[in-house]
Amino acid sequence: MQIQVTTEDGYLPDAYSKFANDSEKSGRYPIQSFPFEVTDLPAGTKYLSWAFIDFDSIPVMGFPWIHWLAANYPVTQDTVSIPANLAQLAANHETDVVNDVFVQGENSSYSRYIQEKDSKLKQTYIGPVPPDHDHRYTLMVIACKEKLPVKAGFFLNELHHLKQDNPAIILADTSVDILAKA
């Protein structure tokens, strides 16, 4: 299983990160999720789930920043193209690409330490805004043979524990690091 993310000069394109147009932001956060493709899926893959995390935020925030959690994206072919802006389209019920099993989890703006007032930002993509230097972001994708037992607003620990708690559901996982400009 392989993940392809289009970059510009080795970085996540501006449209999905700190330098997005103001029309593509909510406050300081970019909200248009980036497209990516997953190829060489294992036989029997019915759903994809993923996490987009900034481990370089640990020295700044004291914890890895969760930018996007998603589960149960339906798979119908051996290659899957996740479209740009899926997070917002799904949150606003403006796409027929996903059905009602696709859910998004809580990102780090959920934390009581963040002071985010816009509840719409908590279960969707919030793009990279590295404050100190360029950061590497990890996109981890999981191929599943059945729907994961999570609901909208699930947390990263639930996704993490599934490999141990329900190993028969998980067919494979892989990750790729993506740079974003400070």
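Residues numbered from 1 in each chain as written. Predicted model: local features only at pLDDT ≥ 70, side-chain atom pairs only at ≥ 80, totals over all residues. Heavy atoms only, no water.

One finds F34, F36, L48, W50, F52 and L139 to be the most contacted residues of the largest nonpolar core, which totals 28 residues. Where this core is concerned, the elements lending two or more residues are strand 4 (36-39), strand 5 (47-54), strand 6 (65-74), strand 7 (80-82), helix 2 (86-91), strand 9 (135-144) and strand 10 (170-180). No other element matches strand 9, which puts four residues into this core. Those residues in contact with F34 that sit more than four places away from it in its chain are V5, L12, Y16, F52, W68, P83, A84, Y125, L139 and I178. (Core = buried A, V, L, I, M, F, W, Y, C linked by side-chain atoms within 4.5 Å. Buried < 20%, exposed > 50% of the residue type's maximum accessible area, 1.4 Å probe, protein only. Helix = DSSP H or I, 4+ residues; strand = E, 2+ residues; numbered from the N terminus. Contact = heavy atoms within 4.5 Å.)

With that settled, the discussion passes to the pattern of salt bridges. For the structure on display, the rule yields two salt bridges. Among the salt bridges present, the one from D14 reaches K181, with a minimum N-O distance of 3.5 Å. Here K181 lies in the segment after strand 10 and D14 lies in the loop between strand 1 (2-4) and strand 2 (25-26), a separation of 167 residues in the sequence. One salt bridge connects K163 with D173, and the closest N-O pair in it is separated by 2.9 Å. Residue K163 is located in helix 3 (residues 156-165), and its partner D173 is located in strand 10; the two are separated by ten residues in the primary sequence. (Salt bridge = Lys/Arg side-chain N within 4 Å of Asp/Glu carboxyl O.)

All told, the structure shown has 14 aromatic pairs when counted by the stated rule. An angle of 20° between the planes, with centres 6.2 Å apart, marks the rings of F52 and Y125 as stacked. Here Y125 lies in the loop between strand 8 (103-104) and strand 9 and F52 lies in strand 5, a separation of 73 residues in the sequence. A single burial state applies to F52 and to Y125, both of which are buried. Each member of the aromatic cluster is reached from another via a ring pair, and the members are F34, F36, W50, F52, W68, Y73, F102, Y125 and Y137. A cation over a ring is seen here: K181 above Y11, with NZ or CZ 5.9 Å from the ring centre. (Phe/Tyr/Trp six-rings, centres within 6.5 Å; stacked < 30°, edge-to-face > 60°. Lys NZ or Arg CZ within 6 Å of the ring centre and 35° of its normal.)

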